[in-house]
Amino acid sequence: MLLKLEKLKERLDEIQNALLDSDTVKDIEKYTQLNKEFSELKPIVEKFDEYNETIIRNEGATSLLESEDDEIKELAQIELDESQQESEVIEKDLKFMLLPKDSADDGSAYLEIRAGAGGDEAGIFAGDLFRMYTRLAEREGWGIEIINTRPAEQGGLKEAVAKLTGKAVFKVMKFESGVHRVQRVPETESQGRIHTSTCTVAILPETEEIQDVNISKSDLRVDTYRASGAGGQHVNKTDSAVRLTHIPSGLVVECQDGRSQHKNKEKALSLLGAKLKQRELEEQQESIASERKVLVGTGDRSEKIRTYNFPQGRMTDHRIKLTQHNLDQIMDGDIKSICDALLSENQLAMLSQLEED
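Residues numbered from 1 in each chain as written. Predicted model: local features only at pLDDT ≥ 70, side-chain atom pairs only at ≥ 80, totals over all residues. Heavy atoms only, no water.

**Q** Looking at this model, I keep getting lost on the overall build of the protein. Mind explaining?
**A** Each helix and strand counted, the protein has ten helices and eleven strands in total. Across the 357 residues of the protein, 39% fall into the buried class. Counting every atom, the protein has about 20200 Å² of accessible surface; 47% of that belongs to carbon and sulfur. (Helix = DSSP H or I, 4+ residues; strand = E, 2+ residues; numbered from the N terminus. Buried < 20%, exposed > 50% of the residue type's maximum accessible area, 1.4 Å probe, protein only. Areas by Shrake-Rupley, 256 points an atom, 1.4 Å probe, with all protein chains shown as cover.)

What follows is the structure in structure tokens.
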């Protein structure tokens, strides 16, 4: 680890010198890339400098332990204990900072919610989850762009697809993928019995370049149709909704939110690219799944990850055995602390795996 940190420190010096070069300043793309790398490396190198300072203090205190003066020896031991504790904390921080980063963490993400088992109640819960995530987005200052929604007959949603734009959206949201279970008494239940329903949530990172996924036009079938739902005369007169079918994979995406067929197609194509990229990543991960000990982050859509129990006002995340009794606030989008807990647990598991390797 120390060898790697020394190399990062050398690299930071190289970048600093390059950023002062007039030729680099003229090359905007290179200048931007170096600035980004600089901002990523600087906190790590600063933390490494802190670590080295504690090591120097350790060495100084250790040398004073050989003094014949008992008072000096006692003070030296106190100094040594403090600096050793500090160096251990900094060392742990550095290990976290050196963990492999997900390149998609800093970017935006697609949110997909689909009603599962439970009939009408599943659709109502899907609507509740969609509101929960849109309230989270509002709290975090993210943009919300609706791609497609399909209302359920008795209220709620059969399906909702949206793009959440902002910094580190995917990092915050990526552990929300999976099956969400709700336990509550439906409004239509006259006997007061608790029903269990489920919804599936999927979080897909936005692909930076659609070309990265290599979607050939010959592999696409494009269907246009009239948008359903509210929208006045426009809905009845314009075939603005777009359905894309990727023939080789069988993936289908729809977009009917915008008035422009061209923009709807653009949105659908971007979503399709994200889905294909995610499928590619899942196939890669399957080959190492048996060796992968990271607790969360599998993104398995069949995995029951969380239960929302309304009679008890309780939410339980089964992956990290986290239970909170503030369900009203959670359903109002106050879930950042849950997302942070999942991220921390995942980092601890990665660190443990790294140390074992």
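That covers the picture; the talk isn't over yet.
**Q** Teacher, can you tell me more about helix H5 (residues 120-140) here?
**A** Residue pairs spaced three or four apart in an α-helix point in one direction, given the helix's 3.6 residues per turn. The end-to-end C-alpha separation of H5 is 31 Å, in line with the 30 Å expected for 21 residues at 1.5 Å each. Positive backbone phi, at 75 degrees, marks glycine 141, one or two positions downstream of H5. (Expected span 1.5 Å × (residues − 1).)

**Q** Would you mind going over the pairing of strand E7 (residues 241-246) with me for this structure?
**A** Side chains on a regular strand alternate between the two faces of the sheet. Burial analysis of E7 places five of its six residues in the buried class, which makes it a mostly covered element. Two elements, strand E6 (residues 220-225) and E7, share six bridges in a ladder whose sense is antiparallel. Paired with tyrosine 225 across the bridge in E7 is alanine 241. Note that E7 and strand E8 (residues 251-255) share five bridges and pair antiparallel. When the bridges of E8 are listed, threonine 245 appears paired with valine 252. (Pairing = 2+ DSSP bridges.)

**Q** How should the side chain of glutamate 254 be read in this particular structure?
**A** Positionally, glutamate 254 belongs in strand E8. A distance of 2.8 Å separates the side chain of glutamate 254 from the side chain of arginine 243, its partner in a polar contact. (Polar contact = N/O pair within 3.5 Å; in protein donor to acceptor, adjacent residues only side chain to side chain.)

**Q** Looking at this model, I keep getting lost on the sheet that holds strand E3 (residues 157-165). Mind explaining?
**A** As a general point, the strands of a sheet are linked pairwise by backbone hydrogen bonds and lie either parallel or antiparallel. Pairing within the open sheet is mixed, and its eight strands lie in the order E2-E3-E1-E5-E4-E9-E10-E11. The strands lining the two open edges of the sheet, one partner per strand, are strand E2 (143-151) and strand E11 (322-324). Across this sheet, the average inter-strand angle for adjacent strands is 15 degrees, counted without regard to direction. When E2 meets E3, the two strands line up antiparallel, connected through eight bridges. Counterpart to threonine 149 in the pairing with E3 is alanine 160. Sitting on the sheet, helix H10 (residues 336-356) touches strand E9 (304-309), strand E10 (314-317) and E11, and the angle it makes with E11 is about 170 degrees. (Axes fitted to C-alpha atoms, helices over the stretch in contact; angles between N-to-C directions. Contact = heavy atoms within 4.5 Å.)

**Q** What is the right way to look at helix H1 (residues 2-19) in this model?
**A** Between its first and last C-alpha atoms H1 spans 26 Å; for 18 residues at 1.5 Å apiece the expected length is 26 Å, and the two agree. Inspection of H1 places Leu5, Leu8, Leu12, Ile15 and Leu19 among the buried residues, and these make up the whole buried set. The arc that holds every buried residue of H1, seen down its axis, measures 70 degrees, which confines them to one face. Looking at H1, the residues exposed on the side facing more than 90 degrees away from the buried face are Leu3, Lys7, Glu10 and Asn17. Buried residues in H1 make contact with helix H2 (22-26), helix H3 (28-64) and helix H4 (70-97). (Arc of directions from axis to C-beta.)

**Q** Explain the sheet that holds E8 to me, please; I cannot follow it from the model alone.
**A** Pairing in this open sheet of three strands is antiparallel, and the strands run E6-E7-E8 from one edge to the other. In the strand order of this sheet, the two ends are held by E6 and E8, each with one partner. Each strand of the sheet is rotated relative to its neighbour by a mean of 15 degrees, with strand direction disregarded.

**Q** Can you walk me through the environment of asparagine 346 in this structure?
**A** Mapping asparagine 346 onto the fold places it in helix H10. For the pair asparagine 346 and isoleucine 320, spaced 26 residues apart in sequence, the C-alpha separation works out to 9.5 Å.

**Q** Help me understand the side chain of histidine 180 in this model?
**A** Relative to the helices and strands, histidine 180 is located in strand E4 (residues 178-184). Within the local environment of histidine 180, its side chain forms a polar contact with the backbone oxygen of glutamate 176, the two atoms lying 2.9 Å apart. A polar side-chain atom of histidine 180 sits 2.8 Å from a polar atom in the side chain of tyrosine 308. Those residues in contact with histidine 180 that lie beyond four places of it in its chain are Phe125, Leu129, Tyr133, Ser197, Thr198, Cys199, Val201, Ile305, Arg306 and Tyr308.

**Q** Just to check I follow, could you spell out the packing of aromatic side chains for this structure?
**A** The relation between two aromatic rings is expressed through the spacing of the ring centres and the mutual angle of the planes. Within this structure, the stated rule accounts for one aromatic pair. Considering the side-chain rings of phenylalanine 125 and tyrosine 308, the 5.4 Å spacing of their centres and the 65 degrees angle between planes classify their relative orientation as edge-to-face. Placement of phenylalanine 125 in helix H5 and of tyrosine 308 in strand E9 is noted, with a sequence separation of 183 residues between them. There is no split in this pair, since phenylalanine 125 and tyrosine 308 are both buried. Over the face of the ring belonging to phenylalanine 310 we find arginine 184, whose NZ or CZ atom lies 4.7 Å from the ring centre. (Phe/Tyr/Trp six-rings, centres within 6.5 Å; stacked < 30°, edge-to-face > 60°. Lys NZ or Arg CZ within 6 Å of the ring centre and 35° of its normal.)

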